[in-house]
Amino acid sequence: MGSTLTVKKCTKLPKVRYELNPKFGTVFSPHMLKMTISAETNAFEAEITPFQSEMMSPATLVLHYGQSIFEGMKAYRQKDGSVAIFRADLHAQRFYKSAVTMAMAPLPEDIFMKCLMEFVNFEQESVPSEPEHALYLRPLLFARDELVKLGPSKKYTFYIMATIAGRYFAATGITPAKVLMNKMAIRAYPGGTGEAKTAGNYAASLYPHSQAIKMGCDQVLYLDAVTHDNIDELGGMNFFMVRGDELVTPKLTGAILNGVTRRSILEMASKVGMKAKEESISFSQLTQDIKSGKIKECFACGTAATVHPIGTFFIQSSPSTSTETVSLPSEFPVALKILETISSIQRGQIAAPGDWLFKV
Ligand SMILES: Cc1ncc(COP(=O)(O)O)c(C=O)c1O
């Protein structure tokens, strides 16, 4: 017998008030969806409640061993006033895969999708209509057993919460990102959990990120753990370079998040007159090519930031050498064109190359 889902709903609260471009992740919509599951769950029972804090035992497994996964996607107000979630199916698939990697009770993709649709339907009024704004959706699954012994949990809690998202980096204009490449900082490694959207990957990136912030940078660019030269990705975004008429991104190695924005850019490349390529990108070759003028644009991409040009790399090759900087030209027409095209697709202003929008 297939899985079933019932959703209990509270009385609707008024929509949240916010200033334009609120600080990312700080303005929550009024409700959340909550559900307890285990590997045996077949009849799923979710509840939509007011967004609220909850009591948790200090022995809860997730707090000790980090068995936790999440997703990040956006619901957009469409040209006709309706609401659609961008590529929700790919996020459901990735959530399932992350759960398997982390030995968690995986949520069947159809139940994930139904929960998402129920939640966003209930929360529709909170989806912003202002340009460049969206409702950022954060599904979360974590280990809920209460014992201090290493091992996978039997019980898990699933949440969907949402925040009002405007511009990710700056309140006005597009300021190209400053990116720190510290050769000593490793995010993921072959056979590890790099491809899963799990808490530990982000925990490992916090120290390098704080170093980057101290240096006035916005993000960290990670190289692979074997050659220490091939580009993996940024702490919270995938990486692209523009080489002539090609959009080039590192191929998926298992250590890189299989980004939905990355995949969408590859699939829509021809819409902006470009070819899509996935290949190993040597960072040392890239910096030479930037200096010689062969590479004129690099950009980061992800759900939160969409598409963001990179302005300068701050390079730390060893603890004893000083920081070298390599800057890209201050114009970034290809990144802007991709940003404009994908943003228009997300808002239903131009047609997507496939079934990318899930109407609520
Ligand atoms: C490590 C990492 N890489 C890449 C991405 C971009 O992925 P997506 O386009 O699916 O948001 C994210 C964002 O979630 C991320 O956290």
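### Some points on the overall build of the protein chain
Looking only at helices and strands, the protein chain has seven helices and 18 strands in total. Its C-alpha radius of gyration of 21 Å places the protein chain within 12% of the 21 Å reference for a compact globule of 360 residues. Reported as C-alpha extents along the three principal axes, the dimensions of the protein chain are approximately 60 × 50 × 40 Å. Looking at the 360 residues of the protein chain, the share that counts as buried comes to 43%.

### Notes on the site of the ligand
Taken together, Gly 72, Glu 233, Gly 236, Met 237, Asn 238, Leu 257, Gly 259, Val 260, Thr 261, Arg 262, Gly 302 and Thr 303 make up the full set of residues adjacent to the ligand. When residues in the shell around the ligand are grouped by element, the largest group, three residues, is from helix 5 (residues 260–268). Along the lines of polarity and charge, the residues of the shell around the ligand split into three nonpolar, seven polar and two charged.

### Section: the domain arrangement of the protein chain
Partitioning the protein chain into domains gives domain 1 (4–166) and domain 2 (177–344). Spacing between the C-alpha centres of domain 1 and domain 2 amounts to 27 Å. Taken residue by residue, the interface counts 18 residues in domain 1 and 13 residues in domain 2. Take the side of domain 1 that touches domain 2: its biggest share by element is five residues, from helix 2 (residues 88–101).

### Some points on the nonpolar core
In terms of nonpolar packing, the biggest core is built from 95 residues, with Ala 75, Ile 85 and Leu 221 touching the most fellow members. Per-element accounting of this core gives the leading share, seven residues, to strand 7 (residues 134–143). Lining this core are residues from two domains, each supplying at least three of them: domain 1 (4–166) and domain 2 (177–344).

Thresholds applied
- Residues numbered from 1 in each chain as written.
- Predicted model: local features only at pLDDT ≥ 70, side-chain atom pairs only at ≥ 80, totals over all residues.
- Helix = DSSP H or I, 4+ residues; strand = E, 2+ residues; numbered from the N terminus.
- Rg over C-alpha atoms; globule rule 2.2 N^0.38 Å.
- Buried ≥ 20, exposed ≤ 12 C-beta atoms within 10 Å, placed from the backbone.
- Near = placed C-beta within 6 Å.
- Nonpolar A, V, L, I, M, F, W, Y, C, P; charged D, E, K, R; others polar.
- Domains from an automatic or database assignment.
- Contact = placed C-beta atoms within 7 Å.
- Core = buried A, V, L, I, M, F, W, Y, C linked by C-beta atoms within 7 Å.

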